[in-house]
Amino acid sequence: ARPWRGVIEEYRDRLPVVGDAPAVTLGEGGTPLVRSTWLSEATGSDVWLKVEGSNPTGSFKDRGMTAAITVAAAEGAKAVVCASTGNTSASMAAYAVRAGLQPIVLVPQGKIAAGKMAQALMFDSLVVQVRGNFDDCLAMARGMADDYPVALVNSVNPVRLQGQKTGAFEIVDVLGDAPDLHVMPVGNAGNISAYWLGYGEYAADGVATRTPEMWGFQAEGAAPLVVGSPVPDPETVASAIRIGNPASWDLAIAARDESRGRIAAVSDQEILDAQRELARRDGVFVEPASAAGVAGLLKAAAAGEAPSGATISVVVTGNGLKDIDTALSHLGVIPENVIDADVSKAAELAGLA
Ligand code: F0G
């Protein structure tokens, strides 16, 4: 066995867009595909979790960022900019400093999780907090890239989607074919577009015999693709997907329609419950936004709308450690269990004595 080389080297023949420049990589991709006993039982299908929180900066964004920063560096950029709800900025900053580029991040003030802010700061970004939401930040990032010498690496940069499509390749490579159904959270709608690209490419080239139905889930208070029009003041506990006007709107709708899939909404409570259950049943701790797909699949199963006897992949997009404040506050009262150094007391607390 040889070591995993990161998604550009692993899939270079499928990423012509990055050219032959040396890859700016942190060894991203090659993430675990973990069978969920819990969700398999709940649906009567074979359910697999693509654990993207295992990427170097803790989210799927690293797949797109290795590609976008490799290209930006090769084209001679000195600085890169993104708007972000947190994960894109953490990822961009890490890859940018590796390539010697200055990272500039625009985030909605007070609305990104502490872990993500810590990452951006540790990677030496200029962090600009904007009095506004993600959609305002994205408009600013586009404006900066139009008027100043700085490269835009949000997913409106098509190279990002090319990198992110490798997630679909890996699922097919491990399962041996495309799943029947693919489930994921949707915010700015880049990732669902990227997976659809990846599945389509593998099917067109005969690597897979089919493409899956694509199911995307948004948070109820930030569900423009479900409502059918932009949401001016998006609100949800899942800060990563608090987005009212997704940039890849048309691509996401095409993924839904071409695959005969669906994009639906889940409530904040359903998201938090799914996050908690995924942790306690499967040992997989994800951030709230990442649980939206799981919540949506469970909701569909409860309504009798999920397929049984099928193979289902669910992308869990980001690591739970990114946002421990939300996780801990949803746990409620945590017993302190403070004792002296006494084995019998510990055994008593554990119910062993
Ligand atoms: N899950 C997580 C953990 C995310 O950070 C995001 C998006 C999504 C899902 C949705 O993916 O935008 O491609 O539909 N985060 C972006 C950011 C917006 O700035 O980090 P999408």
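Residues numbered from 1 in each chain as written. Predicted model: local features only at pLDDT ≥ 70, side-chain atom pairs only at ≥ 80, totals over all residues.

- Where an unreviewed UniProt entry is consulted, the protein chain appears under the name Threonine synthase, with the organism given as Mumia xiangluensis.
- Listed under Cofactor (unreviewed entry) in UniProt, the entry text for the protein chain is "pyridoxal 5'-phosphate". (UniProt positions renumbered as here; feature names shortened; annotations may be inferred.)

**Thoughts on the overall build of the protein chain**
Then step 1. For the protein chain, the helix and strand inventory stands at 15 helices and ten strands.
Then step 2. Against the compact-globule benchmark of 20 Å for 353 residues, the protein chain has a radius of gyration of 20 Å, which places it among compact chains.
Then step 3. The C-alpha extent of the protein chain, read off along each of the three principal axes, is 65 × 50 × 50 Å.
Then step 4. Per-residue burial over the protein chain gives 55% buried out of 353 residues.
Then step 5. Pairs at least 24 apart in sequence give 72% of the contacts found in the protein chain among residues at least 6 apart. (Helix = DSSP H or I, 4+ residues; strand = E, 2+ residues; numbered from the N terminus. Rg over C-alpha atoms; globule rule 2.2 N^0.38 Å. Buried ≥ 20, exposed ≤ 12 C-beta atoms within 10 Å, placed from the backbone. Contact = placed C-beta atoms within 7 Å.)

**Focus on the site of the ligand**
Then step 1. Not every one of the 22 residues close to the ligand is listed here, only the nearest: Asn87, Gly187, Asn188, Thr317 and Gly318.
Then step 2. At the level of secondary structure, the elements contributing two or more residues to the shell around the ligand comprise α4 (87-99) and α9 (190-204).
Then step 3. Grouping the amino acids of the shell around the ligand by side-chain chemistry returns six nonpolar, 14 polar and two charged.
Then step 4. Counting contributing residues, the shell around the ligand receives three or more from each of domain 1 (7-56 + 160-331) and domain 2 (61-157). (Near = placed C-beta within 6 Å. Nonpolar A, V, L, I, M, F, W, Y, C, P; charged D, E, K, R; others polar. Domains from an automatic or database assignment.)

**Remarks on the domain arrangement of the protein chain**
Then step 1. Domain boundaries in the protein chain define domain 1 (7-56 + 160-331) and domain 2 (61-157).
Then step 2. Just the C-alpha atoms count here: the centres of domain 1 and domain 2 sit 22 Å apart.
Then step 3. Contacts between domain 1 and domain 2 engage 39 residues on the former and 33 residues on the latter.
Then step 4. Mapped onto the side of domain 1 that touches domain 2, the elements with two or more residues apiece are α1 (7-10), α7 (158-164), α8 (166-175) and α14 (324-331).
Then step 5. Considering every element that reaches the side of domain 1 that touches domain 2, the biggest residue donor is α7, with five residues.
Then step 6. Taken together, the residues of the side of domain 1 that touches domain 2 sort by class into 16 nonpolar, 17 polar and six charged.

**Let's talk about the sheet that holds strand β9 (residues 262-266)**
Then step 1. Reading across the sheet, the six strands line up as β1-β2-β10-β7-β8-β9 and stay open at both edges, with mixed pairing between neighbours. What marks the edges here is a single partner per strand, and that holds for β1 (33-35) and β9. Put simply, the sheet's adjacent strands are angled 25° from each other on average, direction ignored.
Then step 2. Pairing geometry for β1 and strand β2 (residues 46-51), over three bridges, is antiparallel. Bridge pairing links arginine 35 to tryptophan 48 in β2.
Then step 3. Together, β7 (181-185) and β8 (213-219) form the strand contacts of α9, whose direction differs from that of β7 by roughly 155°. (Pairing = 2+ DSSP bridges. Axes fitted to C-alpha atoms, helices over the stretch in contact; angles between N-to-C directions.)

**Some thoughts on the UniProt feature "domain: Tryptophan synthase beta chain-like PALP" (unreviewed entry) in the protein chain**
Then step 1. Per the UniProt record, "domain: Tryptophan synthase beta chain-like PALP" (unreviewed entry) is annotated on residues 24-318.
Then step 2. Between the end C-alpha atoms of residues 24-318 the distance is 21 Å, and the span holds 44% helix and 17% strand.

**A short note on the environment of aspartate 282**
Then step 1. When you line up the elements, aspartate 282 lands in helix α12 (residues 268-282).
Then step 2. Residue classification places aspartate 282 among the buried residues on the basis of 20 C-beta atoms within 10 Å.
Then step 3. Residues aspartate 282 and arginine 260 lie 22 residues apart in sequence; the distance between their C-alpha atoms is 29 Å.
Then step 4. When residues no more than four places from it in sequence are discounted, the contact partners of aspartate 282 are Ser36, Trp38 and Leu49.

**Re α4**
Since one α-helical turn is 3.6 residues long, residues separated by three or four positions face the same way.
Then step 1. Under the 1.5 Å per step criterion, the end-to-end length of α4 is 19 Å for 13 residues, consistent within 8% with the ideal 18 Å.
Then step 2. Two residues or fewer after α4 comes glycine 100, characterised by a positive phi angle close to 75°. (Expected span 1.5 Å × (residues − 1).)

**Concerning the packing of α9 against helix α11 (residues 249-258)**
Then step 1. At their nearest, the axes of α9 and α11 sit 8 Å apart, and the two run at 50° to each other. In terms of axis orientation, α9 runs oblique to α11. In the crossing of α9 with α11, the sense of the turn from one axis to the other is left-handed. Every residue of α11 that contacts α9 at Ile192, Ser193 and Trp196 is listed here: Leu251, Ala252 and Ala255. (Parallel < 35°, antiparallel > 145°, perpendicular 65-115°, else oblique. Left-handed = near helix turned anticlockwise from the far one by under 90°.)

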